[in-house]
Every structure is written in C-alpha cells, then in structure tokens.
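# Analysis of the macromolecular model
What follows is the residue order along each chain.
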Amino acid sequence: MRILIKNGMVVRSTGRKKADVLIKDGKIKRIAPEIDAKADRVIDAAGCYIFAGFIDTHTHFDLDLGVTVTADNFETGTKAAVVGGTTTVLDFATQDHGMTMHDALELWHKKAEKSSSNYGFHMAVSEWNDARKAEVDDMFKAGVSSFKMYMVYDAMKVNDGQIYDAQKFIGERGGVIGVHCENYDVLQARIAEEKAKGHMDPTAHPVTRPQAVEAEGVARLMRIAELSGYPAWVVHLSTADGLEEVRAARKRGVEVYAETCPQYITLDVKRYADPDGAKFVMSPPLREAKDRAAILDGMKKKDIDFIGTDHCSFTMAQKALGKDDFSKIPNGGAGVQNRAELVYTYAVKTGAITLEQMALLMSERAARLFGMFPEKGALRVGSDADIVIFDPDDKHTILWKTNLHACDNSPYEGMEVLGRTRDVVLNGELVVENGTLVKPYCGKYVFRKPSERYRK
Ligand code: DUC
Ligand code: ZN
Ligand code: ZN
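Residues numbered from 1 in each chain as written. Chains lettered and ligands numbered in written order. Predicted model: local features only at pLDDT ≥ 70, side-chain atom pairs only at ≥ 80, totals over all residues. Heavy atoms only, no water.

## Some points on the overall build of the protein chain
Test applied: Secondary structure is summarised from DSSP: a helix means a run of H or I of at least four residues, a strand means a run of E of at least two, and numbering begins at the N terminus for each. Radius of gyration means the value over C-alpha atoms here, while the globule rule gives 2.2 Å times the residue count to the 0.38 power. Only protein chains enter the accessibility calculation, which uses a 1.4 Å probe; a residue whose area is less than 20% of its type maximum is buried, one above 50% is exposed, and one in between is partly exposed. Contact criterion: two residues are considered in contact whenever any of their non-hydrogen atoms come within 4.5 Å of each other. For accessible areas, the Shrake-Rupley method is used with a probe of radius 1.4 Å. Any residue's cover is judged against the shown protein chains and nothing else.
The secondary structure content of the protein chain amounts to 14 helices and 17 strands. Taking 456 residues into account, the globule formula puts the C-alpha radius of gyration at 23 Å, and the protein chain, at 21 Å, falls close to it. Along the first, second and third principal axes, the C-alpha atoms of the protein chain reach 70 × 50 × 40 Å. For the protein chain, the residues scored as buried account for 62% of the 456 residues in total. Sequence-distant contacts, at least 24 apart, represent 75% of the contacts inside the protein chain between residues at least 6 apart. Accessible surface, the protein chain: about 16,200 Å² in total, of which carbon and sulfur atoms supply 51%.

Here is the structure:
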C-alpha cells in the first residue's frame, strides 16, 4: 500500500515546512517539497498540518475498580483515540493484589485484542517485593519498559521505601516509574473532616485534595529520586505548586519528567457545583485559573514533557454510586478523543505554545521517554507511518454523543474547539478519513525499548 500526502505543512519539534509525504509498506518512505510518485491513494492535505501520530501516555481502559469497571474498554477507547489523532495509547496494565505482573500483562494483551489504535502497556504495580522484582526482567523482554506506582488508593498504594527501591531496581535496567503523587494520610483525614461536616456532594472532592496534597507528594517523590539517583516521572501534574517542586528538583540535579492532562489547562474547580458535578470527580481534581496558567507556562518553558489524558470513563449511573458520598464516586473522566483539539485550542491558539511544541508534547517526548523513538514520535524517513492530518480551521463543539467513547458524558461537553483531526494513517493505512473511522481494529502492540532518558 502506497499513500502520498500532498500539499500539507509538516510540523516537527524542530520546525515546519511545506512538504509531501510518501508512505510505503507501513513506513515513511520520503518527505520532500514535491513528490510525484505512483500511489494507491493520494490525499490532498492543503491547509492542514501533518504531525507524527499522537501518543497518549495515560489511559485506563477496561480497568476494574472492584466496585465497577470503566465504561470504555480497548475496543471503544481506541476507536475514540484514533479518531482524535492518537495513534498509540499507553495503558496501565494493572497488577492487583494476588496477581503477578505476568498475569496482568497476559490479561491486558487479551483486553487489547480489538484495538483501533496502536497500544503499549505501562505496568502498574500494587506490590513491591522479591517475587514482583523477579518478574521485572521479563517485563522488559516483553516490551514493557515503564511502570507505575500510586501513593494513594487502598488497593494500589505502596510506601516510600518501595518507591525508592523500585526506582533503583527499574532505573538500573533502563526503565522509568510514573508515580501518582498525593499525600494519602492527609487525604484520608480531610475526607473524614468533610464527611463529619455533612459535606457529601462533589464539591467536597477538591476540598479534600487541595494543591498542597499534590505538591507534598511531588516534593516527596523528588527527594526519593534524589536519594535513589534514578529518574522520576510525575503523572498528571495539575498544580502550580507541584510544578514548582519539579523545577526546584531539576535545579538540584534530579532527573524528572512531568506529564499533565488537558483537564488541567481547560476546566475550573467550580464545575463540581454543576448539577452533573460527579462527572468531574477525578484525581487530581480540577484546579483554579492560576494553576492552569502555571501548567501552560510549564508547557511553554518545556518544563512539562508530555500530555496524557488519564482517560478513565464512567457513565452517570456509575458516578451515581457516590450520590450520597462524594468519596464513593468512581474517579475519572473521558478525554482520549479530544486531547489534540483541546491542546490546539487552549495552548496553541492562545499563544502559550507553538505548533512545534505541540508536536513535542503530543508525541516526540513520550516516544523518547517510553522507548519508541524514532519509530514513533517522528516524521522521518524510516519511521512508522503513524500520521495525523490536522485541519486547523475546523470549528466544532465537543459532545459525548458524537464522541466514539462508550460513556454517556464528557467533562468537555459543549465546549467549542478549533482544529480537528481530519485523517489518520496508522501503520501505513488510512484508517480515519474526514473524521470517520473507516478501518477499525488495525491497532498493533508496541514493543518498547528502554527509556531514552533525554533529561539525564
Ligand atoms: N485518577 C483518576 O481520576 N482515575 C484513575 C486513576 C487516577 O489516579
Ligand atoms: Zn493517577
Ligand atoms: Zn491515571
């Protein structure tokens, strides 16, 4: 299959230029100002940007919380992903108590069989002991070079000594560990305080998790990495103070990678008072204007490395599990389809970042950190032909009904955005045409190398 993309503006982290792109046998074959070659398909990309396929570093598809399972599985989640321009998702295979990492990996491979975007797995570990450590080398051999640990959630939390030991053990093998940073004990105390006051609705959620709850966790992770001598990856950074901890740690020589999510540059904490406030219950919670400005500043100054969605969707019926108690609302929201248009609207069009930085944040840095570069995250001859043709002039309104995700709500419902993923080439095939998924189930497993650790 040969595809020729003509007349588009190729956008890379290093600059942009008008060029044609020739794709053959799943790879980028040529990029040049004028290509006249035979092709099975010629796509006119005049007026559009051409990006390396976007990588979502943070999704939770088919995640079983015990009380309920996420509304999106891989089938629905990756359809939404690829239509939104995400050609690779990195989902969290989750090693629950009583499971091995091998069990979790096998299970996640099964869950992902019907995927419409490419996919890889981080391994989220709920236990850190000799038995789990004995599995780590096999994870690398299976293409899993990144892991995750949580400071919170009873089913998942590990302690600081375990994070320290895991950073060393995984770090010396060339891996990175993402950590969900919040102070568990203070959080529990604050939940009890709000409940004691009879404050049971969703507006209590952000009160229990103010920015210091995150910033303390980030500061602690930074010090743990300083002691271990290995890198730290802060997942879903949401606050100005958390970002300051990252910056301060880097000044001390700590190697730290920071991820944020679209919700932390777009949505305000006041939304918890909405009639459907439960749909915004996610952790970390939505923040204030000054936090959104700080996160955008972090993107601008390249202190933030990449953007994942933390897509973890629940229907309103599932959210109603916590109708009388905010702490029982399943945490998470849908976002996997809307990341590119939100980042374009709220970060590029506002002038906070350039298109080149969008390329860096949406794919290149993730590909480097997570061992996929330059096959993914690059528009280069020889790279995988995962390509997004993005129409910057499209204006549309985000509606859950027109999103391909399976749940009946969206945190971004009703928001007008600029720009839209028009076409997507995945593994050398045109799978999205004019916003429609024309070829589902073409996703492949992405076997990942050790981390590039570009901040070392
Ligand atoms: N936060 C969420 O909101 N959902 C999934 C896990 C997490 O940390
Ligand atoms: Zn998390
Ligand atoms: Zn998450």
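## With respect to the coordination of the zinc ion (ligand 2)
This is how the line gets drawn: Here the coordinating atoms are restricted to nitrogen, oxygen and sulfur within 2.8 Å of the metal centre, or 3.2 Å for Na, K and Ca, and because water is not among them the sites may look incomplete.
Coordination of the zinc ion (ligand 2) by the protein is provided by His-180 (ND1) and His-236 (NE2), with metal-donor distances spanning 2.1 to 2.2 Å. A spacing of 3.5 Å is found between the zinc ion (ligand 2) and the zinc ion (ligand 3). Residue His-180 is located in strand S10 (residues 176-180), and its partner His-236 is located in the loop between strand S11 (232-234) and helix H9 (240-251); the two are separated by 56 residues in the primary sequence. Judged by relative accessible area, which is 1%, His-180 ranks as buried.

## Examining helix H8 (residues 211-228)
We apply this condition: Expected span of a helix: the number of residues minus one, times 1.5 Å.
Along its 18 residues, H8 runs 26 Å from first to last C-alpha, staying within 8% of the 26 Å computed at 1.5 Å per residue. Just past H8, the residue Gly-229 takes up positive phi, approximately 80 degrees.

## Some thoughts on the site of ligand 1
Keep this limit in mind: If a single non-hydrogen atom of a residue is within 4 Å of a molecule or strand, that residue counts as near it. Each polar contact in these results corresponds to two N or O atoms within 3.5 Å; when the atoms are within protein, one needs to be able to donate a hydrogen and the other to accept it, and residues that are neighboring in sequence are counted only if both atoms are side-chain atoms. Any residue that is not Ala, Val, Leu, Ile, Met, Phe, Trp, Tyr, Cys, Pro, Asp, Glu, Lys or Arg is counted as polar, Gly included; the first ten are nonpolar and the last four charged.
Taken together, His-60, Tyr-150, Tyr-153, His-180, His-236, Met-282, Ser-283, Asp-310, Cys-312, Asn-331 and Gly-332 form the complete shell of residues around ligand 1. Gly-332 has a polar backbone atom sitting 3.5 Å from an oxygen atom of ligand 1. Class assignment of the residues belonging to the shell around ligand 1 gives a composition of four nonpolar, six polar and one charged.

## Quick notes on a nonpolar patch on the surface
Test applied: Each patch is built from residues lacking any salt bridge and having more than 30% relative accessible area; the joining distance is 9 Å for like charges and 5 Å for nonpolar side chains (Val, Leu, Ile, Met, Phe, Trp, Tyr). Salt bridges are defined by distance alone: a side-chain nitrogen of Lys or Arg within 4 Å of a carboxyl oxygen of Asp or Glu.
A surface patch of nonpolar side chains, about 280 Å² in accessible area, is lined by Leu-65, Val-67 and Leu-321. By secondary structure assignment, the location of Leu-65 is in the loop between strand S6 (54-59) and helix H1 (74-83).

## Here's the deal with the nonpolar core
Convention followed: Buried Ala, Val, Leu, Ile, Met, Phe, Trp, Tyr and Cys residues that are joined via side-chain atoms within 4.5 Å together make up what is termed a nonpolar core.
One finds Phe-51, Met-123, Met-299 and Met-358 to be the most contacted residues of the largest nonpolar core, which totals 72 residues. Among residues more than four places away in sequence, those in contact with Met-123 are Ala-93, Gln-95, Met-101, Ala-104, Leu-105, Met-139, Val-144, Ser-146, Phe-147 and Lys-148. With 21 residues, the next largest nonpolar core counts Tyr-264, Phe-280, Ile-329 and Met-415 among its residues.

## Quick look at the coordination of the zinc ion (ligand 3)
Where a metal carries four tetrahedral donors, each ideal angle is 109.5 degrees; where it carries six octahedral donors, the ideal angles are 90 or 180 degrees. Protein-derived ligands of the zinc ion (ligand 3) are His-58 (NE2), His-60 (NE2) and Asp-310 (OD), with the metal-ligand distances lying across 2.0 to 2.2 Å. With relative accessibility at 0%, the residue His-58 sits in the buried group.

## Quick look at the packing of aromatic side chains
Short version of the rule: Any Phe, Tyr or Trp ring, taking Trp's six-membered ring, that has another such ring centre within 6.5 Å forms a pair; planes under 30 degrees apart are called stacked, those over 60 apart edge-to-face, and the others tilted.
The tally for this structure, following the rule as stated, stands at 19 aromatic pairs. Relative to Tyr-344, the ring of Tyr-49 lies with its centre 6.5 Å away and its plane at 55 degrees, an arrangement referred to as tilted. Here the residue Tyr-49 occupies a position in strand S5 (residues 49-52), and Tyr-344 occupies one in helix H13 (residues 339-348), the gap between them amounting to 295 residues. For the residue pair Tyr-49 and Tyr-344, the accessibility class agrees, reading buried in each case.

## So, the packing of H8 against H9
Heads up, the rule is: In this description, a line fitted to the C-alpha atoms serves as the axis of each element, helices being fitted only across the stretch in contact, and the angle between N-to-C directions of two axes falls anywhere from 0 to 180 degrees. Put simply, angles under 35 degrees are roughly parallel, angles over 145 are roughly antiparallel, angles from 65 to 115 are roughly perpendicular, and the rest are oblique. With the far helix as reference, a near helix turned anticlockwise by less than a right angle produces a left-handed crossing, and one turned clockwise produces a right-handed crossing.
Taken N-terminus to C-terminus, the directions of H8 and H9 make an angle of 15 degrees; their axes are 8 Å apart at the nearest point. With respect to their mutual orientation, H8 and H9 come out roughly parallel. In terms of crossing hand, the pair formed by H8 and H9 is right-handed. Along the contact surface, H8 presents Gln-211, Glu-214, Ala-215, Val-218, Ala-219 and Met-222, while H9 presents Ala-240, Asp-241, Gly-242, Glu-245, Val-246 and Ala-249. The residue inventory of the contact of H8 with H9, partitioned by class, reads seven nonpolar, two polar and three charged.

## Observations concerning the side chain of Asp-310
We apply this condition: The charge count includes Lys and Arg as positive and Asp and Glu as negative, but it does not include His or the ends of the chains.
Tracing the chain through its elements places Asp-310 in the loop between strand S13 (306-307) and helix H12 (316-319). In this structure, Asp-310 is buried with no salt-bridge partner, the nearest side chain bearing the opposite charge being Lys-148 at 5.5 Å. Side-chain polar atoms of Asp-310 contact the side chain of His-60, separated by 2.9 Å. Ignoring sequence-local partners within four residues, the contact set of Asp-310 consists of His-58, His-60, His-236, Cys-261, Gln-263, Ser-283 and Gly-333.

Limitation: the analysis is restricted to geometry and does not speak to function.
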